[in-house]
Amino acid sequence: MYSCIIGLPVYNAAKYIPFAISNISILKTLFNKVHIVFAYDDSNDNTINLLNNYAKNNNDVSIIIISKHNKNKSKYRTVNISRARNVILNFIRSQREPFDFFIMLDCNYNNYMTIDKNVLSLYLDRTDWDALSFNQNDYYDIWALSIFPYYLSCWAWSSGAAVSNTMKKYITNKLANCSHEKLVPCISAFNGISIYRSSKFLNCFYNGYYNTYLLSYLHCNLKLNISLLKNVSQTLIKNNYVGKNSILGNQDCEHRSFHAMAIIKNNAKICISPLCLFKN
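All values reported here derive from a predicted model rather than from experimental measurement.

**Concerning the overall build of the protein chain**
Across its full length, the protein chain holds eight helices and 10 strands. By the compact-globule yardstick of 19 Å for 280 residues, the protein chain fits well, its C-alpha radius of gyration being 18 Å. In terms of overall dimensions, the protein chain has a C-alpha envelope of 55 × 45 × 35 Å along the principal axes. Taking the contacts inside the protein chain whose residues are at least 6 apart along the sequence as the reference set, 85% of them involve residues at least 24 apart. On the protein chain, roughly 12800 Å² of surface is accessible, and the fraction owed to carbon and sulfur atoms is 50%. Counting 29 positive and 16 negative side-chain charges, the protein chain places the centres of these two groups 7 Å from one another.

**Remarks on the side chain of Ser3**
As for its position among the elements, Ser3 is in strand S1 (residues 2-10). Look at Ser3 and you get buried, because its relative accessible area is 8%. Residues contacting Ser3, with those up to four places away along its chain left out, are Phe31, Asn32, Lys33, Pro98, Phe99, Asp100 and Phe101.

**Quick notes on the confidence of the model for the protein chain**
Confidence along the protein chain averages 91 in pLDDT terms, with 94% of residues attaining 70 or more. Segment residues 239-246: pLDDT under 50, and 22 contacts once partners within four positions in sequence are set aside and those in other chains are kept.

**Regarding the packing of aromatic side chains**
Enumeration over the complete set of coordinates arrives at 18 aromatic pairs. Ring geometry for Tyr2 and Phe101: centres 5.3 Å apart, planes at 75 degrees, overall edge-to-face. Here Phe101 lies in strand S4 (residues 101-105) and Tyr2 lies in strand S1, a separation of 99 residues in the sequence. Using a relative accessible area of 26% as the deciding quantity, one classes Tyr2 as partly exposed. With 4.9 Å between their ring centres and 20 degrees between their planes, Phe102 and Tyr196 make a pair best called stacked. Pair noted here: Phe102 is in strand S4 and Tyr196 is in strand S8 (residues 193-197), with a separation of 94 residues, a long-range link. For the pair shown, Phe102 and Tyr196 are each scored as buried.

**Here we look at the environment of Ser74**
Its place among the elements puts Ser74 in the loop between strand S3 (62-67) and helix H3 (77-93). Separated by 123 residues in the primary sequence, Ser74 and Arg197 place their C-alpha atoms 30 Å from one another. In contact with Ser74, other than residues within four places in its own chain, are Val79, Asn80 and Arg83.

**What to know about the sheet that holds strand S6 (residues 131-135)**
The strand order across the open sheet built from eight strands is S3-S2-S1-S4-S8-S6-S9-S7, with neighbouring strands paired in mixed fashion. Looking at which strands have only one partner, the edges of the open sheet turn out to be S3 and strand S7 (184-186). Taken pair by pair, the neighbouring strands of this sheet meet at an average axis angle of 25 degrees, ignoring direction. Examined bridge by bridge, S7 and strand S9 (residues 270-276) share three bridges and lie antiparallel to one another.

**Focus on H3**
A rise of 1.5 Å per residue sets the reference length of H3, with its 17 residues, at 24 Å; its end C-alpha atoms lie 24 Å apart and thus fit the reference within 8%. Burial runs high along H3: 13 of the 17 residues are buried.

**Digging into the state of the cysteines**
All chains considered together, the criterion is met by zero disulfides. Cys204 takes part in no disulfide bond, and the closest cysteine sulfur, belonging to Cys186, lies 15 Å away. Here Cys220 stays unpaired: no disulfide links it, and the sulfur of Cys186, its closest cysteine neighbor, is 11 Å away.

**Some details on the pattern of salt bridges**
The tally for this structure, following the rule as stated, stands at nine salt bridges. Between Lys168 and Asp138 there is a salt bridge whose closest N-O contact spans 2.5 Å. In this pair, Lys168 is assigned in helix H5 (residues 160-176) and Asp138 in the loop between S6 and H5, connecting sequence segments 30 residues apart. Each member of the salt-bridge network shares a partner with another, and the members are Arg85, Asp106 and Glu254.

**A look at a nonpolar patch on the surface**
Judged by side-chain polarity, Phe19, Tyr109 and Tyr112 come together as a nonpolar surface patch covering roughly 300 Å² of accessible area. Structurally, Tyr112 can be placed in the loop between S4 and strand S5 (114-115). A relative accessible area of 40% means that Tyr112 is categorised as partly exposed.

Rules of the game
Residues numbered from 1 in each chain as written. Predicted model: local features only at pLDDT ≥ 70, side-chain atom pairs only at ≥ 80, totals over all residues. Heavy atoms only, no water. Helix = DSSP H or I, 4+ residues; strand = E, 2+ residues; numbered from the N terminus. Rg over C-alpha atoms; globule rule 2.2 N^0.38 Å. Contact = heavy atoms within 4.5 Å. Areas by Shrake-Rupley, 256 points an atom, 1.4 Å probe, with all protein chains shown as cover. Lys, Arg positive; Asp, Glu negative; His and termini not counted. Charge placed at Lys NZ, Arg CZ, Asp CG, Glu CD. Buried < 20%, exposed > 50% of the residue type's maximum accessible area, 1.4 Å probe, protein only. pLDDT = per-residue confidence, 0-100. Phe/Tyr/Trp six-rings, centres within 6.5 Å; stacked < 30°, edge-to-face > 60°. Pairing = 2+ DSSP bridges. Axes fitted to C-alpha atoms, helices over the stretch in contact; angles between N-to-C directions. Expected span 1.5 Å × (residues − 1). Disulfide = S-S within 2.5 Å. Salt bridge = Lys/Arg side-chain N within 4 Å of Asp/Glu carboxyl O. Patch = residues over 30% accessible without salt bridge, like charges linked within 9 Å, V, L, I, M, F, W, Y side chains within 5 Å.

Here it is, written out as structure tokens:
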């Protein structure tokens, strides 16, 4: 068996913590050594009390709560969550003995569904991936997705919702036509949870700002991306997001830069399983 650190950024997450804890209990049975790390931002709900109670009442596993108390909180959600994820990465780097894997798990509405550990166990011994996320019955996380030929963020367009729908149809069809034994390669994907081979990612970091530099460095055909969407969205907004009220200013999904950086630095293989990890 392998060792794994399970990391969760948490902010105003009291509603979801019981479900996240349930999924953590499932995940930890797959590994012989587990640390659970919560990167906590000051919340105005009962989040911290729930985390403290969980740590107090579970002595069978190492549970670490890192309170960041970020005094310079950004107006951009992606920047704040990048900082939380980077706190988790720093903890992983600080371990004397390396862990084989780490898992990033969102503490949100995905946790209403239950993780099927049998699906994840199919991949732990395989070497054809370094970062692995999973399909869902409704593949929702289009913002994190960069895949040929759609590399740019769906919310970098004046008609972001239309672009998102186009990309969703594309990835849904691609996964539906992928045999269960194979994986779909990509530049970036997340979908609420991803497992990472630690050796390929610990010299990388999350960044919540929008920038096409890494995609250009990877020789992604951005001109093709733009031309394919010219009838879907009239305008690509290169430095300012429009089309969705919650996506403001120069922000981007933090997973895109993290995954692209690992490809550039370590030739990491970012993949999506056609199987659904969460079950209703």
